[in-house]
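Below, each chain spelled out in residue letters.
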Amino acid sequence: MEDIESLLSQMTWEEKVGQMQQLSAGATPKEIFEAFKEKGEIGSFLHVLGVETGSFLEASSRSRMKIPPIFGIDAIHGHALLKGATVFPSQLAMACTWNEEMIEKVGEITAKEVAADGLNWVFSPVLCLGRDLRWGRIDETFGEDALLASRMGAAIIKGYQKDGLVAACAKHYLGYGEATGGRDAYDTEISERKAREVFLKPFKAAVDAGCMTFMTAYGSIDATPLTTNHRYLTEILKDEYGFDGFVVTDWENFRSLVTGQKVAKDMDEACVMGVKAGNDMSMNSDEFYDALLRAVKEGRIEEEIVNDCVRRILRVKQRLGLLDENKPSRPGREVIGCKEHQDFNYQVAKESAVLLKNNGVLPFKGAKRIAVIGPNADDVRAQYGDWTYFSHPMPKPWESGKEGVYTILKGIEAVYTESEVTYAKGCSINDSDPDSMLSEAVEVAKDADVIVVVLGDSLSQNGEYRDRANLALSGKQNELLCALKTLQKPLICVLVNGKPLVIDEVTKDADAIIEVFNGGDQCGLALAHLLKGDENFSGKLPISFPYDSSATPCYYNQYDYWHGGRYIDIPSGSPYPFGFGLSYSQFAISNLRLSKPTVKLGESFKLSLRLENVSSREGNDVVQLYFKDKVCQILTPIRSLLDFQKVFVPANGSIEVEFALSTNQLGYYDPNCHYVVDPGEFEFFVSDDGTHFKTICLTVE
Ligand code: NOJ
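Visitor: How do you make sense of the overall build of the protein when you look at a structure like this?
Guide: Across its full length, the protein carries 21 helices and 27 strands. Taken over the C-alpha trace, the protein has a radius of gyration of 26 Å; the compact-globule value for 701 residues is 27 Å, and the two agree within 12%. The principal-axis extents of the C-alpha atoms in the protein amount to approximately 75 × 65 × 45 Å. Going through the 701 residues of the protein one by one, you find that 63% of them count as buried. When the accessible surface of the protein is summed, it comes to about 25,200 Å², and 50% of that surface belongs to carbon and sulfur atoms. Taken as two groups, the 73 positive and 101 negative side-chain charges of the protein have centres that lie 1 Å from each other.

In C-alpha cells, the structure reads:
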C-alpha cells in the first residue's frame with residue numbers, strides 16, 4: 001500500500017493541482033479536454049461510462065506518478081445512466097419503504113453494477129430535505145424529515161461502500177433544498193442554529209457512516225456561497241465532524257462565483273477563495289488548473305492548504321485500492337441489470353408504493369375487462385424520473401427504452417392474464433391535446449369493469465432549473481379524471497410523479513389512490529401484484545402533500561403558534577401527511593408505556609407498545625415515534641420524529657415493539673448553537689399513519 005505522505009512529497013505542484021481537477025468531456029472544450037486527458041495527471045473524470053475508461057487509465061499509467069483518476073457517475077437510483085443497468089425507484093420513492101436494510105442493499109447492488117462497469121464513485125445520496133415542494137429536485141431527496149433522511153442516507157452509504165470498491169458522495173452540502181421560494185440554486189436564509197437543528201443532521205450522519213466524499217451545494221446561505229463558506233466546509237464539516245475524505249464542488253461552482261454569484265472578480269480569485277474555504281476538487285471549470293497553479297506559485301494560497309486537499313483525495317483513492325499495484329478485483333459485467341438485482345428491485349418497488357385511499361375497491365381480481373388509461377400508464381421516462389440514460393449527461397429525446405421494464409400498463413397485462421386489458425393515453429402531461437383524446441379514452445373505458453388511471457408529472461417538470469409555481473395536475477389530467485368518473489365504474493388512480501402534487505380532484509373522484517413516485521424498472525409489476533392482492537402495501541409517505549400550490553411548505557414538523565393555524569380558505573395541515581400510508585391489514589396500537597415515568601438527565605429508558613394486527617391479512621407496518629419538549633426556551637416543532645421501526649405482524653397476531661432511548665436524544669440547539677436537553681416534561685407520540693397518535697409523557701429531572 002502506498003504511503004500518502006511519501007507520494008505527496010514526490011509530487012510537483014502541477015501533479016498536485018491536477019489531482020484537484022475533475023473534468024467532464026461534454027462540458028470542456030474538446031482540445032483542452034484531450035490535452036488534459038493525454039497528460040494523465042487529472043484527478044477525476046465524470047460521466048464517463050465503463051467502456052470509455054480504458055484510454056483514461058492508459059494515459060495515467062504513462063504519467064510520472066501513475067495515479068489513476070477516480071471516475072464519478074450520477075448513479076442516483078441505480079447505475080441508471082448506463083442503459084441496461086438496474087433502475088431502482090427514485091430516492092423519494094425508496095424513502096417510502098422506511099426500510100434501512102433494504103436501502104442499504106440498494107446501495108450495495110448499485111455499487112456492484114457501478115464497479116462492474118469500471119467506475120468507482122457515485123454522486124449519491126442527496127441529503128437535502130424536500131420541504132419546499134416547488135423545488136425541482138424533490139424527487140432526489142429522502143423526503144422532508146431530517147431523521148428519516150439521516151437513517152436512509154447512512155444506510156445507502158454503507159451499502160455503496162460495503163465492498164470497498166465505490167465511494168459515496170453526500171450532497172449537496174448545505175441547505176440547497178431550502179432555498180427561498182423553492183428556487184433551484186438560489187439563496188437559503190437559515191441561521192447556523194437552524195442548520196444544526198435540521199439540515200446538518202443527515203450530513204453528520206453521513207460522516208458517521210464513513211461517507212468518503214461530500215459535494216458542495218450550488219447556492220448560498222445568508223448570501224455567502226457554500227463554495228466560499230469556510231464555516232460550513234472547514235470548521236464544521238472537517239474540523240468539528242472530523243470528515244477526513246474530500247469535498248468536490250458541484251458543476252462549475254468556481255466559475256459561478258464569477259459569472260453568477262459575483263463574489264469573485266475572476267477565476268484566479270474564485271479558485272483561491274473556494275479552495276481556502278474547504279473545496280478539495282473542482283468539478284469542471286477547466287480554468288481551475290491554471291488558476292490554482294498560478295496562485296500556489298505566486299504564494300496567494302498557502303501550500304499546506306493545497307497539500308491537504310491532495311492528501312484527502314489520495315486518501316480516498318487509497319481506500320478504494322486505486323493506489324495498489326494489484327488493483328482490487330471487480331464483479332464481472334454480467335451482474336449489471338441481472339435477474340437477482342431485478343428481483344430485489346421488485347421488492348423495493350413493492351415497498352415503495354403508498355396506498356393513499358381505498359374505499360374497498362382494492363384488492364381487485366376477476367375483472368373481465370380492465371381499462372388502463374392516462375399519460376403515465378405506459379411511459380418509461382416518467383416512471384424512471386431524473387438521472388437516467390434518457391436525461392444525462394445530456395437529454396436524449398431520441399433514446400428508446402430498454403427491454404424488460406414494467407410500466408404500469410405492462411405490469412397489469414403481465415399479472416391480470418385472465419382479463420382483457422385495454423389502453424388509451426387520454427391526454428399528455430403538458431400539452432393541451434385535442435378533446436378527441438379524452439373521448440377516445442372514455443370510449444376505451446366504457447365497457448371496462450375497472451378503470452386504472454395513471455396520472456402525475458413528467459421529466460420536464462422535475463430536476464435542475466425546473467421549479468414549479470403551480471403544483472396542480474397539469475394539462476387536461478383533471479378533465480380526464482372527471483370524464484372517466486362519469487362512467488361510474490370502480491376508478492383507481494395511480495400517481496407517477498416526482499413530488500407530491502395537489503390532488504384534490506383525485507381524492508374526490510377516485511375510489512383508490514396509490515402513489516408510486518418514480519418507481520423504476522419493476523414498478524408496474526409490483527403495482528399490479530399489489531392491486532390484485534398478491535402483495536400487501538406497507539409504504540408510508542416521507543413527505544407531506546399540499547392542499548394547494550400556495551400552501552407549501554406543508555411539512556409536518558412546523559412550529560406552534562400561527563394565528564388561526566391555517567390559511568382561511570383551505571383546511572389545515574396536509575391531506576396526506578408525512579408518515580401516512582394504508583395497508584390491506586388493519587393495525588392497532590395499544591398499551592403504550594415507559595420503563596419509568598421519571599428519569600434523570602443523561603439516563604436511558606424504554607418506550608414500549610403493543611402492535612396488533614386486527615385483520616386476517618399479514619402485513620408490515622411502520623411504527624413511528626415522535627416527541628415534543630413541552631416547554632422550551634425557544635420554539636420547537638409540534639412534534640419531531642425520534643425513531644421508527646418497520647415490523648411484520650402476522651394475521652390476527654400482535655407483537656411488542658420497544659424503543660431504547662436516552663434523554664440525550666431529547667435536546668435542541670439553543671440560540672448559541674449549543675445542544676442542550678432541558679429538564680421538564682416531554683410528550684411522546686406513537687403512530688403508524690402520521691395522523692392518529694397515542695401519547696404518553698415523561699418527566700426529566
Ligand atoms: C449537478 C448536480 O447538482 C449534482 O447533483 C450532480 O451530481 C453533478 N452536477 C454531476 O452531474
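Visitor: For this particular structure, what's the right way to read the packing of aromatic side chains?
Guide: The geometry of two aromatic rings is summed up by the distance between their centres and the angle between their planes. If you walk through the whole model with that rule in mind, you get 31 aromatic pairs. Ring geometry for Phe33 against Phe45: centres 5.7 Å apart, planes inclined by 75 degrees, an arrangement best described as edge-to-face. In this pair, Phe33 is assigned in helix α3 (residues 30-39) and Phe45 in strand β2 (residues 44-46), connecting sequence segments 12 residues apart. Overall, the relative accessible area of 4% leaves Phe33 in the buried class. Every member of this aromatic cluster is reached through a ring pair, and the members are Trp98, Tyr556, Phe578, Tyr626, Phe644, Phe685 and Phe693.

Visitor: Explain the sheet that holds strand β12 (residues 354-358) to me, please; I cannot follow it from the model alone.
Guide: Strands sit in the order β12-β17-β16-β15-β13-β14 across an open sheet of six strands; the sheet is mixed. This sheet does not close on itself; its edge strands, each paired only once, are β12 and β14 (420-424). Shown here is a sheet whose adjacent strand axes are inclined to one another by a mean of 20 degrees, direction ignored. Judged from the six bridges that link them, strand β15 (residues 450-456) and strand β16 (residues 491-496) form a sheet pairing that is parallel. By the bridge assignment, Val454 is partnered in β16 with Val494. Sheet strands in contact with helix α17 (residues 408-415) are β13 (369-373), β14, β15 and β16, and its direction is about 170 degrees off that of β14.

Visitor: Help me out: how do you make sense of helix α6 (residues 100-116) in this one?
Guide: Residue pairs spaced three or four apart in an α-helix point in one direction, given the helix's 3.6 residues per turn. Over its 17 residues, α6 extends 24 Å from the first C-alpha to the last, a length consistent with the 24 Å expected when each residue adds 1.5 Å. The element α6 is extensively covered by neighbouring structure, given that 12 of its 17 residues are classed as buried. Those residues of α6 that sit buried are Met102, Ile103, Val106, Gly107, Glu108, Ile109, Thr110, Ala111, Glu113, Val114, Ala115 and Ala116. Tucked into the core, α6 has its buried residues touching β3 (70-73), α5 (91-95), β4 (121-122), α7 (146-161) and α15 (339-352).

Visitor: Would you take a moment to explain the site of the ligand for this structure?
Guide: Among the 14 residues in the neighbourhood of the ligand, the closest are listed as Asp74, Arg137, Lys171, His172 and Asp250. Between an oxygen atom of the ligand and a side-chain N or O atom of Asp74, the distance comes to 2.5 Å. One of the side-chain N or O atoms of Asp250 is found 2.5 Å from an oxygen atom in the ligand. For the shell around the ligand, the per-class residue count stands at seven nonpolar, two polar and five charged.

Visitor: Looking at this model, I keep getting lost on the pattern of salt bridges. Mind explaining?
Guide: Pairs can form between side chains of opposite charge once their charged atoms are near each other. One pass over the full model with this rule turns up 53 salt bridges. Here Lys162 makes a salt bridge to Glu104, at a shortest N to O gap of 3.4 Å. Pair noted here: Lys162 is in the loop between α7 and β5 (169-173) and Glu104 is in helix α6, with a separation of 58 residues, a long-range link. Look at Lys162 and you get partly exposed, because its relative accessible area is 47%. Residues joined by salt bridges that share partners form a network here, namely Glu5, Glu304, Asp308, Arg311 and Arg312.

Visitor: Where do I start with the sheet that holds strand β9 (residues 224-225) in this structure?
Guide: Strand pairs in the sheet, formed through backbone hydrogen bonds, run parallel or antiparallel to each other. Strands sit in the order β6-β8-β9 across an open sheet of three strands; the sheet is mixed. Unpaired on one side and paired on the other, β6 (187-188) and β9 mark the two borders of the sheet. Here two bridges tie β6 to strand β8 (residues 220-221), and the two strands are oriented parallel to one another. Residue pairing in the sheet places Asp187 in a bridge with Ser220 of β8.

What counts, and where the lines are drawn
Residues numbered from 1 in each chain as written. Predicted model: local features only at pLDDT ≥ 70, side-chain atom pairs only at ≥ 80, totals over all residues. Heavy atoms only, no water. Helix = DSSP H or I, 4+ residues; strand = E, 2+ residues; numbered from the N terminus. Rg over C-alpha atoms; globule rule 2.2 N^0.38 Å. Buried < 20%, exposed > 50% of the residue type's maximum accessible area, 1.4 Å probe, protein only. Areas by Shrake-Rupley, 256 points an atom, 1.4 Å probe, with all protein chains shown as cover. Lys, Arg positive; Asp, Glu negative; His and termini not counted. Charge placed at Lys NZ, Arg CZ, Asp CG, Glu CD. Phe/Tyr/Trp six-rings, centres within 6.5 Å; stacked < 30°, edge-to-face > 60°. Pairing = 2+ DSSP bridges. Axes fitted to C-alpha atoms, helices over the stretch in contact; angles between N-to-C directions. Contact = heavy atoms within 4.5 Å. Expected span 1.5 Å × (residues − 1). Near = heavy atom within 4 Å. Polar contact = N/O pair within 3.5 Å; in protein donor to acceptor, adjacent residues only side chain to side chain. Nonpolar A, V, L, I, M, F, W, Y, C, P; charged D, E, K, R; others polar. Salt bridge = Lys/Arg side-chain N within 4 Å of Asp/Glu carboxyl O.

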